[in-house]
Amino acid sequence: MTEAYIVATARSPIGRAGKGSLTGVRADDMAARMTAAAMGKIPGLDPARVDDLLLGCGMPGGEQGMNMARNVAVMLGWDTVPGATITRYCSSSLQTTRMAFHAIKAGEGDVFVSAGVESVSRMDRGSSDHIPGEDLTNPVFNDARERSDDRSGAGTAVWEDPRLSGELPDVYIAMGQTAENVAGLCGITREEQDAYAARSQQRAERAIADGFWERDITPLTLADGTVVAADDGPRPGTTVEVLATLKPAFRPDGTVTAGNACPLNDGAAAVVVVSERIVDELGLEPLARIVSTGVSAFSPEIMGLGPVDASAQALARAGLAIDDMDLVEINEAYAAQVIPSARMLGVDEERLNVKGGSIAVGHPFGMTGARITSTLINALADTGGRYGLETMCVGGGQGMAMVLEKL
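Our subject in this report is the structure included herewith. Owing to the predicted nature of the structure, the values given are computational and were not obtained by experimental measurement.

## A look at the overall build of the chain
- Assigned secondary structure in the chain consists of twelve helices and 14 strands.
- Scored against the burial criterion, the 407 residues of the chain give a buried share of 62%.
- Here the chain displays about 14,900 Å² of accessible surface, and carbon together with sulfur accounts for 51% of that area.

## What to know about the side chain of Glu329
- Of note, Glu329 is situated in strand E12 (residues 327-330).
- An unpaired buried charge is present at Glu329: no salt bridge exists, and Arg371, the closest side chain of opposite charge, is 4.7 Å distant.

## Focus: the state of the cysteines
- Tallying each qualifying case throughout the model produces zero disulfides.
- Cys90 supplies the cysteine sulfur nearest to Cys262, a cysteine that is in no disulfide, at a spacing of 7.3 Å.

## Some points on the packing of aromatic side chains
- Evaluated as defined, the whole model comprises two aromatic pairs.
- With 5.1 Å between their ring centres and 80° between their planes, Phe212 and Trp213 make a pair best called edge-to-face. Note on accessibility: Phe212 and Trp213 belong to one class, buried.

## Quick notes on the packing of helix H9 (residues 306-318) against helix H10 (residues 335-345)
- Look at H9 against H10: their axes get within 8 Å of each other, and the N-to-C directions meet at 35°. Once H9 is placed against H10, the crossing between them reads as right-handed. Contacts from Pro307, Val308 and Ser311 in H9 reach Gln337, Ser341, Met344 and Leu345 in H10.

## A short note on the pattern of salt bridges
- Tallied over the full model, the rule gives 20 salt bridges.
- Residue Lys105 is joined to Glu3 by a salt bridge in which the shortest nitrogen-to-oxygen separation is 3.3 Å. Of this pair, Lys105 sits in helix H3 (residues 92-105) while Glu3 is found in the segment before strand E1 (4-11), placing the two residues 102 residues apart along the sequence.
- Across the pair Asp323 and Arg351 runs a salt bridge, and its minimum N-O distance is 3.9 Å. Within this pair, whereas Asp323 is found in the loop between H9 and E12, its partner Arg351 is found in the loop between H10 and helix H11 (358-361), the two being separated by 28 residues in sequence.
- In the salt-bridge network here, residues are joined through shared partners; they are Glu3, Lys105, Arg289, Arg386 and Glu405.

Rules behind the numbers
Residues numbered from 1 in each chain as written. Predicted model: local features only at pLDDT ≥ 70, side-chain atom pairs only at ≥ 80, totals over all residues. Heavy atoms only, no water. Helix = DSSP H or I, 4+ residues; strand = E, 2+ residues; numbered from the N terminus. Buried < 20%, exposed > 50% of the residue type's maximum accessible area, 1.4 Å probe, protein only. Areas by Shrake-Rupley, 256 points an atom, 1.4 Å probe, with all protein chains shown as cover. Lys, Arg positive; Asp, Glu negative; His and termini not counted. Salt bridge = Lys/Arg side-chain N within 4 Å of Asp/Glu carboxyl O. Disulfide = S-S within 2.5 Å. Phe/Tyr/Trp six-rings, centres within 6.5 Å; stacked < 30°, edge-to-face > 60°. Axes fitted to C-alpha atoms, helices over the stretch in contact; angles between N-to-C directions. Left-handed = near helix turned anticlockwise from the far one by under 90°. Contact = heavy atoms within 4.5 Å.

Here it is as structure tokens:
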């Protein structure tokens, strides 16, 4: 059975939604440019050989609706390249990498682009996750029309709107409420969350100073000629004391704040995955081998613990243990969920999100899977590590994970 290799990555800077550097850029434009940038790193690989362009988007609709992947292929002049747009919320572009991995393993193709994109700034306000006409910043993170109930000791949320008959299923619970649920269930204090968030910001700040993020980011040139080459999110000088002044964002007596959660963002990333045959034919030097993946599901009310079971699956399939992982990237949706997930997995803090995570750099939902892949590969190269684990929680009560071997 052939191996699947990652041979190129590209990721845009990450803008702050609604007020950041990428608010004027369409999602399909960002995705096309990062796809072209990733493929451009392999000059001997003709784009016509791409078997499928797989694009993850957490909230498809409006400008990022229909089959955006095929739109991207046509925008690039790749008329013979098919495309499919996939949503698994926050792990959408980890899912597309998994699909490329599986197709290569099955012998059903040799070259795949796994891309991801999200423009929360320009997100459609009338897709299936919310009611047309409402002015929402983001349907997944919106809490204005939700309440929290105590059900068997764990909070849940339902929408209360006269236009809706009955309660929507708990997969629609606001993500901030799930973070509060996990904090309560696992005994994660506000102080612990703020300390973790400050660490994320401080590690990102050090990585900026070291030039790591400059090496990881592919700059975007805007229509007016402005070049965006850095993430909007990192806040130099962030301390626990500063974070302690912020008010709870989701419950009056809660522990989750804007400072210990990821922001809302815009961005795109792409990963090129090829078979062993293409590596040999073109004489490529792979960045990493995809070893294994895993996906899990459980109660939507505590979706933040998704990395635990998914990572256990991926590690078992790889025949490896958590101690074999030189670096671990757990997506930082909320400090409240990263802390207990890492503890349950037994992750050494010195190997976890060593360059800072999404609390600092941002989390454009559909982009994040591919962005973390790029970051993990580059961080392994930076530190001389061999094995890395990428994992994340997923809205609706899911988790995903992937084990990589740096080559």
